[in-house]
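Observations on chain architecture
What follows is each chain in one-letter form.
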Amino acid sequence: IIIDSAWEVCCRCHGSLLGFCCDGLHVMLHQEIASYPSCVNYTAHVDMLPVSCPLTQKAVVNDEWRRKICEWAFGVVDHFEYSREAVSLAMNYLDRYASFAHSKGMPLSRKAFQLAAVASLYLAIKIEG
């Protein structure tokens with residue numbers, strides 16, 4: 001529904017000159033929704049962990065823990081004078097990985113989240129430069 005309305009607004013505002021671009025954008029948005037599973041907010045489901053889950057409430061990732069990791073990542077890129085955009089990319093990787101793990105019933109411990117954060121930042125710096 002959102003995609004269709006965005007497409008209509010794009011075509012109305014820019015007329016037929018950009019119709020081709022609007023059609024391409026419309027197709028890409030539909031492909032993204034069809035191809036990629038929606039991300040689960042892994043920090044909002046902390047108190048809904050199954051009883052069989054080996055993680056305790058203190059060992060799981062919450063909003064504050066994610067914020068600390070994000071601040072650490074900004075500290076690293078600032079210290080080594082990398083692009084701050086790398087942190088955005090790294091947090092995107094990290095959120096998608098943690099969301100996927102959570103959706104499969106395997107929420108990450110804080111140690112696993114830290115390890116994933118380091119790997120995500122490493123990849124992002126290599127890509128972003």
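Refer to the structure printed above.
Residues numbered from 1 in each chain as written. Predicted model: local features only at pLDDT ≥ 70, side-chain atom pairs only at ≥ 80, totals over all residues. Heavy atoms only, no water.

1. A look at the overall build of the protein
What the protein contains, in helices and strands, is 5 helices and 0 strands. The N-to-C order of helical and strand elements in the protein reads α-α-α-α-α. Counting every position in the protein, which comprises 129 residues, the buried fraction comes to 29%. Counting only contacts in the protein whose residues sit at least 6 apart along the sequence, the fraction spanning at least 24 positions is 65%. Carbon and sulfur atoms make up 62% of the accessible area of the protein, which amounts to about 9100 Å² in all. (Helix = DSSP H or I, 4+ residues; strand = E, 2+ residues; numbered from the N terminus. Buried < 20%, exposed > 50% of the residue type's maximum accessible area, 1.4 Å probe, protein only. Contact = heavy atoms within 4.5 Å. Areas by Shrake-Rupley, 256 points an atom, 1.4 Å probe, with all protein chains shown as cover.)

2. Examining the packing of helix 4 (residues 85–103) against helix 5 (residues 110–128)
Between helix 4 and helix 5, the least distance of the axes is 8 Å, while the angle of their chain directions is 135°. Considering their axes alone, helix 4 and helix 5 lie oblique with respect to each other. Where helix 4 crosses over helix 5, the handedness of that crossing is right-handed. Within the contact between the two elements, helix 4 uses Glu85, Ala86, Leu89, Ala90, Tyr93, Leu94, Tyr97 and Ala98 and helix 5 uses Phe113, Ala116, Ala117, Ser120, Leu121, Leu123, Ala124, Ile125, Ile127 and Glu128. Residue composition of the contact of helix 4 with helix 5, grouped by class: 15 nonpolar, 1 polar and 2 charged. (Axes fitted to C-alpha atoms, helices over the stretch in contact; angles between N-to-C directions. Parallel < 35°, antiparallel > 145°, perpendicular 65-115°, else oblique. Left-handed = near helix turned anticlockwise from the far one by under 90°. Nonpolar A, V, L, I, M, F, W, Y, C, P; charged D, E, K, R; others polar.)

3. Overview of the pattern of salt bridges
Summed over the entire model, instances satisfying the criterion amount to 4 salt bridges. A salt bridge links Glu64 to Lys68; its shortest N-O distance comes to 3.6 Å. Of this pair, Glu64 and Lys68 both sit in helix 3 (residues 63–79), 4 residues apart, which is roughly one turn of the helix. On the basis of relative accessible area, Lys68 is assigned to the partly exposed category, the value being 39%. As a salt-bridge pair, Arg66 and Asp95 come within 2.7 Å of each other at their nearest N and O atoms. Here the residue Arg66 occupies a position in helix 3, and Asp95 occupies one in helix 4, the gap between them amounting to 29 residues. Since its relative accessible area comes to 25%, Arg66 is described here as partly exposed. (Salt bridge = Lys/Arg side-chain N within 4 Å of Asp/Glu carboxyl O.)

4. A short note on the packing of aromatic side chains
Within the structure shown, the criterion is met by 2 aromatic pairs. Measuring from ring centre to ring centre gives 6.0 Å for Tyr42 and Phe113, while their planes differ by 50°; the resulting arrangement is tilted. Residue Tyr42 is located in the loop between helix 2 (19–35) and helix 3, and its partner Phe113 is located in helix 5; the two are separated by 71 residues in the primary sequence. In this structure, Tyr42 and Phe113 share a single accessibility class: buried. (Phe/Tyr/Trp six-rings, centres within 6.5 Å; stacked < 30°, edge-to-face > 60°.)

5. Observations regarding helix 5
Spanning 19 residues, helix 5 covers 26 Å between terminal C-alpha atoms, matching the ideal 27 Å at 1.5 Å per step. Residues of helix 5 that are buried sit in contact with helix 3 and helix 4. (Expected span 1.5 Å × (residues − 1).)

6. So, the nonpolar core
Within the largest apolar cluster, 22 residues are counted, with the highest numbers of intra-cluster contacts made by Ile69, Val77, Val87, Leu94, Phe113 and Leu121. Every element with two or more residues in this core is listed here: helix 3, helix 4 and helix 5. At 7 residues, helix 4 tops the list of elements feeding residues into this core. Aside from chain neighbours lying at most four places away, what touches Phe113 is Tyr42, Val61, Trp65, Arg66, Ile69, Leu94, Ala98 and Leu108. (Core = buried A, V, L, I, M, F, W, Y, C linked by side-chain atoms within 4.5 Å.)

7. Overview of the side chain of Ser99
Structurally, Ser99 can be placed in helix 4. Given the relative accessible area of 2%, Ser99 is considered buried. Aside from chain neighbours lying at most four places away, what touches Ser99 is Cys39, Val40 and Tyr42.

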